[in-house]
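Single-letter residue listing:
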Amino acid sequence: MSNLDKFRQETREWLDKNCPPSMRTGADPKIPVDEVWGGRNAEYKNPESKIWLDRMGEKGWTMPTVPKEYGGGGLTKEEVKVLNEELFGIGAKQPLLSFGIWMLAPVLLEYGSEEQKKEHIPKIIKGEIRWCQGYSEPGSGSDLASLATKAEDIGEKFLVNGQKVWTSYADKADWIFALVRTGPKEPKHDGISFLLIDMATKGVSTKPITLISGKSPFCETFFDNVEVPKENLIGELNAGWTIAKKLLQHERAFISNFGLAAGMGSKRDVVSIAKKHLGEENGKIKNNFYRSEISSHKIKEHAFGLTLKRAGDEGGKASATASMFKLYGTEHNKKRHELMVAASGINGVAWDGDEFDDDDKNLTRAWLRTKGNSIEGGTSEVQLNVISKRVLGLPSQ
Amino acid sequence: MKLVLSEEEQFLKDTAKNFADERSPISHFRSLRDNNDPKLWDKDIWSEMVKLGWPGILIPEEFGGSNFGVTGIGVILQECAKTLTPSPLFATGVLGAYAITQFGNDDQKSNYLPKIVSGEITTALAIDETSHHEPSKTEMTAKKNDSNFILNGKKIFVIDGASADILIVLARTSGVKGDSTGLSLFILNSDTSGIETKKLDMADSRNYANISFNEVIIDESSLLGDLETAGETVESILDIGRIAMSAEMLGNAESAFEITLDYLKQRKQFGALIGSFQALQHRAAEMFCEIELTKSSVMAAMRAADENSNELQRLSSLSKTMAGETLHLVSNEAIQMHGGIGVTDEYDIGFFLKRARVAEQIFGSAKYHTERYANLSGF
């Protein structure tokens, strides 16, 4: 038996024993489903969500490729593929959703000191600390490098003052990774540092922002004379912009996955929705105008999925294509939601009350939420600029 | 399925690129067009392709080919398409070679395949009878008469039909127009008595013909594949053709885009390079994305063909749709971004537009394949 086969067998046995029944395919639909983000104040409607997180975190399998010394799984790419196949095979629920995993840990691995890696990465992997991202400011949206939140050197510590906006789930997060201005006299890109701040520190406060969807996934975050230990600086002073850009690539790569639809037959599948509201004849969507539009859309989606796969197979070219994936993935996600809303007719714009079912009402909210996809993490127009200049080499004005 | 080229495939692609750049730049195509060349391809260029072994890429080694697969021939067609290289490679090296290798009997294989490899014959596949591709609409008949078949009917828009030595023809042995059953394939010499070939003059200045069959008598041994199985076999040949044509169209799009990008980096207006204008930059970036998606689609389809995947049909329709829509977009934008010079005959970019619109129709337009994709996907 090859090592990989042996690994597969061990993984299967471990999952069999350790993945709780409500965390896999065939779970009792009456058991409430948690969206697990971890953190100090995490609450679980289903205790098995916590058990599943703890077991996967202990194994380091929430970040399987990270070295064991930082709490990761220490697996090879081939082993991760096997692990994913086995997880997929039993329909295992994702144990942890985390900005720490998607964005922060990859840059800590690259730019953090040994102490910083050992301090923060294991807690991300185990879901003990929930992170949020402090990038945008009221006056710094697409022109992120103009940010003004300042961190003054006061000897042992930095003194942070300013305001961040669009901090996802800041009201629920334990720590924030923030871009701060440490060099007020330097050119704008050269005066930014990357700082980690404990949200429990005196002077940090948050206020949720209600979106057009009626939900509040984002906050404003305020820093009022917040003292931050200097050991929380990642990389060199005033060298934060490089780290910031790198992290954005990880963020964009993550957001790109929005371009991939829910599978056929799921509640958020445009085909199922069209069949539900427009009718079905011999297995086909009854209305040919919608059917043709949906097929065109599905073709683009398929091609996009193949392009993500190709980028993976080519390996290491992520930086050149991250902008393309962010652009295409989010624009595609918006179109898909527009199609789903249109195919739902009047039910696609249901807001509340008993006259509409939950699927319809949730779709309305989800559709509105997608409008932010092509703004957050760098607008579509910013991505087009990046592609024009960095990939196509077109001249600046 | 890995969506990257192997070292050998990359080598083939590089060879084809050098060949196209050195031996058949766009000026070569232009001169064939200007001189009203009867075949619209050059026999010296074709013999060099033969020497490189390209017509034998889909042919098994026992018949002199290299059996190198659809990805192999696909990357060659992609590179040759960048300079609009006209040649019988698609009709002979893809359609003929594949049809005979897959569905020919031993006699047919040993008779035709070595001759394709050596360049002695070229072939053409005669399917369409209507202005829109739809094989089930075949009306042409093949009536059994003792040990013969008698062909009657007319095929249109036959690629390389104006010069091919051998024709592979779809005809009805039973049923009526619209049935996908009752169809059979035949292979015969193009100079068989009763065949009348009329060369077509198409916008892209390539070799096409309408071919009439008037009481054409052929021996029953001319049947290619089993009687009345062509509804399926033709689809399988066409799918390989669609994938190969998508690779060509991808090459067309890449080249038109590159020529346009170069122009954006040279042309000055208002005292600035026009490539510095955001109105053009964003459209260029969008084209880049569409080309990348098309590359992945074509790559996946070529791999599916070589691995005989059960996704082959869907990926064939996917790649023909993506290639069609992307080339459509790029060929239009290329003209617009060139401004006035883009609509002059003297400048090459217009060739890509004309080639694009014809290629889009070959073996089904993007609309045709969008519908087929939905059917195959179960909605």
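Refer to the structure printed above.
So, here is what we can say about the structure in this document. Treat the numbers as computed from the prediction; the structure is a model and nothing was measured.

## With respect to the pairing of strand 7 (residues 208-219) of chain B
All names here are of chain B. In this sheet, strand 7 lies alongside strand 3 (residues 148-159) in antiparallel orientation, the contact comprising nine bridges. Residue pairing across strands places Val-158 opposite Ala-209, the latter belonging to strand 7. Summarising the sheet, strand 6 (residues 195-199) and strand 7 pair through five bridges and their orientation is antiparallel. Opposite Glu-196, over in strand 7, you have Ser-212 as the bridge partner.

## Some remarks on the environment of Gln269(B)
Residue and element names in this part refer to chain B. Its location among the elements puts Gln-269 in strand 9 (residues 268-269). The exposed category is assigned to Gln-269, around which 9 C-beta atoms lie within 10 Å. Distance from Gln-269 to Asp-160, taken between C-alpha atoms, is 44 Å for residues 109 residues apart in sequence.

## What to know about the pairing of strand 4 (residues 175-181) of chain A
All names here are of chain A. Counted residue by residue, strand 4 has seven buried out of seven residues, so it is predominantly covered. Across the two faces of strand 4 the burial is the same, with Trp-175, Phe-177, Leu-179 and Arg-181 and Ile-176, Ala-178 and Val-180 all buried. Pairing analysis gives four bridges linking strand 1 (residues 131-134) to strand 4, with the strands arranged parallel. Looking at strand 4, one finds that Trp-131 is bridged to Trp-175. Both strand 4 and strand 5 (residues 192-198) contribute to a ladder of seven bridges, which runs antiparallel.

## Considering the packing of helix 4 (residues 99-111) of chain A against helix 6 (residues 240-256) of chain A
Residues and elements named next belong to chain A. Put simply, helix 4 and helix 6 touch, their axes get as near as 9 Å, and they point 140 degrees apart. Judged by the angle between their axes, helix 4 and helix 6 are oblique. As for how helix 4 packs across helix 6, the hand of that crossing is right-handed. On the side of helix 4, the interface is formed by Trp-102, Met-103, Pro-106, Val-107, Glu-110 and Tyr-111, while helix 6 contributes Ile-243, Lys-246, Leu-247, His-250, Glu-251 and Phe-254. For the contact of helix 4 with helix 6, the per-class residue count stands at eight nonpolar, one polar and three charged.

## Some remarks on the packing of helix 5 (residues 89-103) of chain B against helix 6 (residues 106-118) of chain B
To characterise two packed helices, one gives the angle between the axes of the helices and the distance between these axes. All names here are of chain B. The interhelical angle for the contact between helix 5 and helix 6, taken along N-to-C directions, is 160 degrees, at an axis separation of 10 Å. One finds that helix 5 runs roughly antiparallel with respect to helix 6. Crossing hand, helix 5 versus helix 6: left-handed. Counting all contacts with helix 5, which are made through Thr-92, Gly-96, Ala-97, Ile-100 and Thr-101, the residues of helix 6 involved are Gln-108, Lys-109, Tyr-112, Leu-113 and Ile-116. Grouping the constituent residues of the contact of helix 5 with helix 6 by class yields five nonpolar, four polar and one charged.

Criteria and cut-off values
Residues numbered from 1 in each chain as written. Chains lettered and ligands numbered in written order. Predicted model: local features only at pLDDT ≥ 70, side-chain atom pairs only at ≥ 80, totals over all residues. Pairing = 2+ DSSP bridges. Helix = DSSP H or I, 4+ residues; strand = E, 2+ residues; numbered from the N terminus. Buried ≥ 20, exposed ≤ 12 C-beta atoms within 10 Å, placed from the backbone. Axes fitted to C-alpha atoms, helices over the stretch in contact; angles between N-to-C directions. Parallel < 35°, antiparallel > 145°, perpendicular 65-115°, else oblique. Left-handed = near helix turned anticlockwise from the far one by under 90°. Contact = placed C-beta atoms within 7 Å. Nonpolar A, V, L, I, M, F, W, Y, C, P; charged D, E, K, R; others polar.

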